[in-house]
Amino acid sequence: MIDLLATRYYYLVTFLLLGVGAYMMIGNRNLVKKVIGMNIFQTGIFLFFIAAAYLEGASPPVLTAEAPHVSPLPHVLILTAIVVGVSLTAVALGLIVRIYADYGTLDAEVLWEVRHDD
Amino acid sequence: MIDGLSGTMIVLVAVSALGVLSYARAAGPRSNPFYAAYLLLVAGLTGMSVTGDLFNLYVFLEITGLAAYVLVASDDSGRSAIAALRYLLIGTVGASLFLLGIGYAYIATGTLNMGDLATQIAEVGYTATLVQAAFAFVVVGLFIKVAIFPLHTWQPEAYASAPDSVSALISALVSTVSAYALVRVVYTAFTADFLEANPLAADLLGAAAAVSIVAGSLLAVAQSEVKRMLAYSSVAQFGLVVAAASLVNETAMIGAVVHLVGHALMKGSLFLAAGVVATATGARTVSEYDGLVDRLPVGAGAFGVLALAMVGVPPTLGFVGKWYIALGAVESGSWVLVVVIVASTLLTLAYFARLVERMFFRDPATALADEVGVAASEDEAEVVADGSDLGATDGVVTSGSDPATDGGDDAPSTDRVTFGMYAVVVVTAVLAVALGLAVFEYAEFLEPTITRLLTP
């Protein structure tokens, strides 16, 4: 078990990142920090894919390089996922700007109370 | 990879989007960003329907999600911005978990094509931990997108705070196509054999669905805002679809597809009807629907027909879907589910009958209070408290206090409801009844697809 953790520590880091991200999204009152939590959560998944493609001692996926290649497909997938993540962050920050302009606060609990006084 | 199932979804997306567009032309939002997001949403949904590749499915899921977040926020209020942000955060977690599941499936098999996955997963073994983990993450991720009970928290506020046309579009299509994606991934990629080899997975699917049916219905009964009530009703109806899909039974599967289409049509037009009512009379809460038939006969009539169709009064579309699902549950011998389905029909009746009774058999509370000068009922306090629609409510009071007024045409705010808006709602109400009669032929058309889906 310890041996497994020592050689596959990046999977441990993946789930650590997922946990930190999820906790930030749930536990943090600040909306911007919730969005940062969302980004950390996604980063955990990016790491998961990249780690899965990694091969000890393999060469980059170029035709002229020697035989065992690192799998290029997960990299391409994650490139797409990063683009998706960036656009999500942009939309989220845009919404936060509007919320701040309307309510003058980014505190989720204050917003909750304000909404219930409406 | 177009079969009867994805073809159905494409037609549904196209028809619903067209219907909502003709409504939105008059009711707004009319801004260019709205139309841009609308087109993006339709593109994403169509992509989800036609794709045969897991990662493409993820990308289209996110495109659909992004467009939906933007559309929810297209109302300029702070409330909708908060609802959209909440939708965005929870929806992103859902899509990310789905992506994680894809990662597991890819590591286990080395492929992303759904048809290829079916054979590869069979080779790896259905009880391999990687395959089971992939299934769990994919299903939980899609549950968030479909809004199954404990993961539904983004949905009611998003539907309730969005503009009416957007609520209709999203409620009719986004969760529906996500549920289609769930069926597609579970049956085409993991196949029915996976559910057979992992009975716990099928049981958990069914249990989650049953909890969703009961909890969604109970929460719907507790709502005072009509659009929130409709939103919680969706949680229950999608529970029904997932329950049918978990049975691995042809009849139930046909029921799931029929109910998926029927729910999309009926719930979408219920939101449009609620929009017509709100535009004409300003009524947005259950208590404000008192005596609606006097103020707005066509709107109340269409709403009533759609509500009864949703409950499942024969021969409507809602009845046939539930009938197939219940029949499939009986065939599979899962009696718990039969009980839940019957109970859900009663609960659906509970929250829709309440509205229908108020619309057709009660005197309008606002007008009464205005004439007598006292608060006629405890509902009055709510009506007054809802200050945002004050202008529209005034119009109602004027029209109601004049005893000669007949129908909603004389109220000053009514002219904002155009003929086109009425036409869309009435046509869909008629369709909800008429299509119920055409289901048997549709079921025959669907049967080869379902057979192929269930026996890989």
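Residues numbered from 1 in each chain as written. Chains lettered and ligands numbered in written order. Predicted model: local features only at pLDDT ≥ 70, side-chain atom pairs only at ≥ 80, totals over all residues. Heavy atoms only, no water.

1. Looking at the nonpolar core
Residue and element names in this part refer to chain B. Membership of the largest hydrophobic core comes to 186 residues, with the highest contact counts inside it found for Tyr 58, Phe 98 and Tyr 289. Counting residues per element, this core draws most heavily on helix H8 (residues 164-197), which supplies 21 residues. Counting the residues that make up this core, at least three belong to each of domain 1 (1-197) and domain 2 (265-456). (Core = buried A, V, L, I, M, F, W, Y, C linked by side-chain atoms within 4.5 Å. Buried < 20%, exposed > 50% of the residue type's maximum accessible area, 1.4 Å probe, protein only. Helix = DSSP H or I, 4+ residues; strand = E, 2+ residues; numbered from the N terminus. Domains from an automatic or database assignment.)

2. Regarding the interface of chain A and chain B
How large an interface is tends to be reported as the accessible area lost when its parts come together. Each partner contributes to the interface: chain A provides 33 residues, whereas chain B provides 35 residues. Both faces considered, chain A and chain B share a buried interface measuring about 2800 Å² in area, 81% of it formed by carbon and sulfur atoms. Joining chain A to chain B, the criterion identifies 0 salt bridges. Applying the counting criterion to the chain A and chain B interface returns 5 residue pairs in polar contact (both at pLDDT 80 or more). Counting residues per element, the ones that place at least two in the side of chain A that touches chain B are helix H2 (9-27), helix H3 (31-53), helix H4 (73-103) and helix H5 (108-117) of chain A. Here the element with the most residues in the side of chain A that touches chain B is H4 of chain A; it accounts for 16 residues. (Contact = heavy atoms within 4.5 Å. Buried area = accessible area lost by both parts, 1.4 Å probe. Salt bridge = Lys/Arg side-chain N within 4 Å of Asp/Glu carboxyl O. Polar contact = N/O pair within 3.5 Å; in protein donor to acceptor, adjacent residues only side chain to side chain.)

3. Overview of helix H10 (residues 226-245) of chain B
Between its first and last C-alpha, H10 of chain B extends 29 Å over 20 residues, near the 28 Å set by a 1.5 Å rise per residue. Among the 20 residues of H10 of chain B, 20 are classified as buried, and the element is accordingly described as predominantly covered. (Expected span 1.5 Å × (residues − 1).)

4. A word on the domain arrangement of chain B
Residue and element names in this part refer to chain B. When the domains of chain B are assigned, the result is domain 1 (1-197) and domain 2 (265-456). Contact with domain 1, which involves 23 residues of that partner, is made by 18 residues of domain 2. Together domain 1 and domain 2 conceal approximately 1700 Å² of surface at their shared face, both sides included; 72% is due to carbon and sulfur atoms. Across the contact surface, domain 1 and domain 2 share 1 salt bridge. The partner of Arg 284 in a salt bridge is Asp 164, and the shortest N-O contact between them spans 3.4 Å. Counting the contacts that link domain 1 with domain 2 gives 5 residue pairs in polar contact (both at pLDDT 80 or more). Broken down by secondary-structure element, the contributors of at least two residues to the side of domain 1 that touches domain 2 are helix H1 (4-27) and H8. A total of 13 residues in the side of domain 1 that touches domain 2 trace back to one element, the largest contributor, which is H8. Within the side of domain 1 that touches domain 2, the residues separate by chemical class into 10 nonpolar, 9 polar and 4 charged. (Nonpolar A, V, L, I, M, F, W, Y, C, P; charged D, E, K, R; others polar.)

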